[in-house]
Amino acid sequence: MTGGSKPKKTIVPKKNPMPSQDPFLRAKNFNEVALGYTEQAVVAEANRCLQCKNAPCRQGCPVEVDIPAFIGLAAERDFAGAIKKLKEKNALPAVCGRVCPQESQCEKYCTLGKKNEPVAIGRIERYCADWELANGVLPQQVNPPTGKSVAVVGSGPAGLTCAADLAKLGHEVTVFEALHVPGGVLMYGIPEFRLPKKVVQAEINNLKNLGVNIEVNAVVGKFAVVDELLNGGGFDAVFIGTGAGLPYFMNIPGENACGVYSANEFLTRTNLMKAYRFPDADTPIRVGDKVAVLGGGNVAMDAARTALRLGAKESWIVYRRSKNELPARHEEVEHAEEEGVKFAFLTSPTRIIYNSDYWVIAMECLQYKLGEPDASGRRSPVPIPGSEFVMDVDTVVVAIGQGPNPLVPRTTKGLECNKKGNIVADLATGATSKPGVFAGGDVVTGAATVILAMGAGRTAAKAIHAYLNGDS
Amino acid sequence: MYRIVKKELLAPTLNLFEIEAPLVARKALAGQFVILRINGEGERIPLTIADFDRAGGTITCVFQEVGKTTKELGALGEGDFLQDFVGPLGLPSHVENYGSVICVGGGVGVAPVFPIARALKEAGNEVVGIIGARTKELLFWEEKMRSACSELRVTTDDGSYVRKGFVTDLLREAIEEKKNTSLCVAIGPLPMMRAVCSLTREYGLKTIVSLNSIMVDGTGMCGCCRVTVGGETKFACVDGPEFDGHLVDFEEMARRAVIYKPQEQLAVARYVENHGHNCSCSCGGGR
């Protein structure tokens with residue numbers, strides 16, 4: 001049912017539920033939490049879509065997926081057609097179907113969502129993408145070679161999207177990745193239980209099938225600087241999508257004690273290096289009995305849930321505002337609560353206390369109350385004088401945010417950056433202060449979401465295409 | 001994949017590898033390091049660059065078999081491949097004509113100090129080299145160091161070769177003799193670098209040390225290698241690995257270096273059980 005000529009649909013008020021692993025079991029394993037729709041459920045969910053002519057959902061999609069079209073095809077069980085439609089705009093649908101914050105994007109604008117629950121667009125997307133991965137990947141159309149060559153620095157969501165778009169347009173693309181596998185934050189940051197790594201690698205293999213070259217173990221700024229890629233390196237343009245790979249710390253005493261991790265380290269050891277399989281995998285990690293994760297974003301939820309799976313008896317989110325201000329997705333908070341993660345709201349540490357062997361044993365914390373809204377629009381945390389108390393913990397994970405990785409900005413002459421170290425780029429084109437050099441994703445905006453980075457990669461790909469054609 | 005083109009056993013459990021990595025060799029400079037991973041289950045370990053051959057496209061690394069990964073690495077031979085090899089990472093040594101400098105290498109630290117001594121000499125410095133090892137059979141690269149320095153002094157802790165004494169004993173003598181020394185570079189085990197720094201502090205002699213912290217990515221992303229230098233937190237991987245030794249918090253550094261000791265012991269025991277103990281270090285089958 002794709003048209004409006006048929007009789008008016010019956011409104012189905014609620015989303016078809018997503019089957020998931022039992023919280024008690026899953027808190028002890030790294031298998032994926034959300035199990036995915038059955039064919040019956042996906043067809044039922046796709047049939048909830050009203051197929052609105054004006055398709056308000058599309059304005060919420062940073063990569064401009066034709067949402068009603070792919071859902072319409074899914075409703076007719078034409079999953080091959082649905083995934084083809086998705087991939088016209090989205091190079092990583094299996095990833096996006098799992099980790100996009102649909103509630104604040106496409107689903108936020110869903111007509112059905114005004115009075116009922118919106119269509120579960122992300123879940124349908126995931127089904128279609130998984131269907132393709134299970135049934136064989138359909139070839140995609142690639143334009144004839146243009147003879148132009150583009151270097152993409154970083155293989156996270158921004159870089160991969162930019163690379164896919166440029167490859168489809170016929171440009172030769174080489175992606176340079178610093179780590180030993182491509183995927184960036186999709187591999188090192190987002191846990192296996194939310195985004196299985198084989199799904200990420202399957203999507204990246206699809207990009208290789210488009211002709212994208214991927215060079216791992218290649219740190220731009222070290223083995224070559226951006227200027228060398230452009231002059232003598234054989235590249236006509238460069239896209240920088242190096243992400244937010246610089247962990248912020250609290251700058252409180254004791255933060256370098258043993259047992260204090262940045263969320264990046266904690267998650268990288270676990271996800272990228274598979275420390276949960278130690279000693280079968282060589283990289284170790286240490287998780288004590290009581291873990292405190294500082295921060296309230298998605299990364300903090302990932303770290304707290306990871307800590308439980310690594311065997312922590314208690315895993316706490318320590319956040320200086322209240323539950324209402326948590327920046328994490330509602331769904332992630334809910335999953336964390338179901339699994340037994342505990343929350344210390346209106347609390348923030350003032351120092352980390354360690355023993356004579358330099359190991360963390362506790363944190364001194366201060367209690368907060370909510371004051372007036374701050375620049376972010378959320379009520380600001382105000383410390384309560386004299387409210388110090390000691391919280392016994394033996395592992396601390398600092399998840400208060402990340403800045404742009406400085407390696408490429410520091411080594412690229414003439415690349416303008418702001419005070420925080422983010423590359424200054426035109427958000428409409430990704431163009432930087434340096435001709436032929438474009439940038440997008442977290443390295444420009446600061447830490448945000450996978451899909452926003454993908455949107456920036458797409459925007460830059462269009463501008464790079466125009467630049468290579470001499471249009472600008 | 002990165003081929004091991006040459007392997008040399010410098011001393012029992014002390015190996016030299018030349019690894020084919022043309023893109024790393026093209027840019028490598030004294031003071032920088034690489035990160036390698038043996039296979040798909042491997043951990044990422046940093047090794048300081050001991051030498052590089054730009055024309056031949058190889059990087060030389062010297063390592064002591066200590067943990068599971070270095071033991072496994074030591075079991076590889078010429079023609080074998082490493083799955084991953086990335087670099088050159090970290091900032092290169094600051095090289096200029098200071099006039100007169102002293103380069104101290106202790107134990108395995110002789111390897112990374114060699115290219116620095118060479119670069120300093122090429123920049124016009126008078127370079128006094130000081131190398132030492134626990135015992136004669138652990139001493140290596142004496143001739144190579146002699147060629148890189150204006151003058152080389154050698155010692156062994158047990159007196160089995162040249163003379164008995166620590167590198168710090170020779171360093172004190174050299175400082176007393178050469179009143180005009182303006183820089184000391186010291187690389188070796190943490191206690192040695194710490195001892196060198198407390199000595200040179202007495203003389204107000206600026207001292208650069210190279211820190212081989214535990215690392216994961218090596219590009220500033222994880223913060224595992226953080227070290228307090230002059231009261232500020234620095235990342236050894238991107239801000240270092242070389243720092244002003246007089247400002248380094250060695251106490252913290254030493255504690256952080258053994259964070260994973262229980263896990264390392266477990267991994268070594270398992271490795272030895274599965275592979276036999278084929279090193280000749282008389283360590284009794286792993287620590």
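Small disclaimer: the values here were computed from a predicted structure and weren't measured.

1. Here we look at the UniProt feature "domain: FAD/NAD(P)-binding" (unreviewed entry) in chain A
Stage number 1. This chain's UniProt record puts "domain: FAD/NAD(P)-binding" (unreviewed entry) on residues 149–457 of chain A.
Stage number 2. Summarising residues 149–457 of chain A: 27% helix, 24% strand, and an end-to-end C-alpha distance of 16 Å.

2. A look at the domain arrangement of chain B
Residues and elements named next belong to chain B.
Stage number 1. As far as domains go, chain B holds domain 1 (2–89) and domain 2 (100–256).
Stage number 2. Its C-alpha centre places domain 1 at a distance of 21 Å from the equivalent point of domain 2.
Stage number 3. Counting from both sides, the interface comprises 21 residues of domain 1 and, opposite them, 23 residues of domain 2.
Stage number 4. A combined buried area of about 1700 Å² lies between domain 1 and domain 2, and 64% of that area is made up of carbon and sulfur atoms.
Stage number 5. Linking domain 1 with domain 2 are 2 salt bridges.
Stage number 6. Among the salt bridges present, the one from D51 reaches K144, with a minimum N-O distance of 2.9 Å.
Stage number 7. Summed over the shared surface of domain 1 and domain 2, the result is 4 residue pairs in polar contact (both at pLDDT 80 or more).
Stage number 8. Of all the elements in the fold, those that place two or more residues in the side of domain 1 that touches domain 2 are β1 (2–11), β2 (14–20), β3 (33–37), β4 (45–48), β5 (51–53) and β6 (58–64).
Stage number 9. Counting residues per element, the side of domain 1 that touches domain 2 draws most heavily on β6, which supplies 4 residues.
Stage number 10. Here the side of domain 1 that touches domain 2 is built from residues that sort into 15 nonpolar, 4 polar and 2 charged.

3. A word on the nonpolar core
Residue and element names in this part refer to chain A.
Stage number 1. One finds I67, F70, I71, I124, C128, L186 and I464 to be the most contacted residues of the largest nonpolar core, which totals 81 residues.
Stage number 2. Ranked by the residues each element gives to this core, the list is headed by helix α16 (residues 450–468), at 9 residues.
Stage number 3. If sequence neighbours within four positions are ignored, I464 has contacts with V150, C162, L166, A237, F239 and F438.

4. A few points about the environment of L211 of chain B
Residue and element names in this part refer to chain B.
Stage number 1. As for its placement among the helices and strands, L211 is situated in the loop between β13 (207–210) and β14 (226–229).
Stage number 2. For L211 and F243, which are 32 residues apart along the polypeptide, the C-alpha to C-alpha distance reads 7.7 Å.
Stage number 3. Not counting residues within four places of it along the chain, the set of residues in contact with L211 comprises L190, M193, V227, A236, P241, F243, V248, F250 and M253.

5. Concerning the UniProt feature "binding site: [2Fe-2S] cluster" (unreviewed entry) in chain B
Stage number 1. UniProt records the feature "binding site: [2Fe-2S] cluster" (unreviewed entry) at C222, C225 and C237 of chain B, using the numbering of this structure. Spanning 16 residues, the named residues form one tight spatial group whose C-alpha atoms are at most 9.9 Å apart.
Stage number 2. For C222 of chain B, the position within the fold is in the loop between β13 and β14.
Stage number 3. With a relative accessible area of 3%, C222 of chain B lands in the buried category.
Stage number 4. With residues near it in sequence (within four places) discarded, C222 of chain B still touches P247, S262, N264 and E265 of chain A together with V216 and D217 of chain B.

6. A few points about the UniProt feature "domain: Dihydroprymidine dehydrogenase" (unreviewed entry) in chain A
Stage number 1. UniProt marks residues 26–136 of chain A with the feature "domain: Dihydroprymidine dehydrogenase" (unreviewed entry), using the numbering shown here.
Stage number 2. With 46% helix and 0% strand, residues 26–136 of chain A has end C-alpha atoms that lie 29 Å from one another.

What counts, and where the lines are drawn
Residues numbered from 1 in each chain as written. Chains lettered and ligands numbered in written order. Predicted model: local features only at pLDDT ≥ 70, side-chain atom pairs only at ≥ 80, totals over all residues. Heavy atoms only, no water. UniProt positions renumbered as here; feature names shortened; annotations may be inferred. Helix = DSSP H or I, 4+ residues; strand = E, 2+ residues; numbered from the N terminus. Domains from an automatic or database assignment. Contact = heavy atoms within 4.5 Å. Buried area = accessible area lost by both parts, 1.4 Å probe. Salt bridge = Lys/Arg side-chain N within 4 Å of Asp/Glu carboxyl O. Polar contact = N/O pair within 3.5 Å; in protein donor to acceptor, adjacent residues only side chain to side chain. Nonpolar A, V, L, I, M, F, W, Y, C, P; charged D, E, K, R; others polar. Core = buried A, V, L, I, M, F, W, Y, C linked by side-chain atoms within 4.5 Å. Buried < 20%, exposed > 50% of the residue type's maximum accessible area, 1.4 Å probe, protein only.

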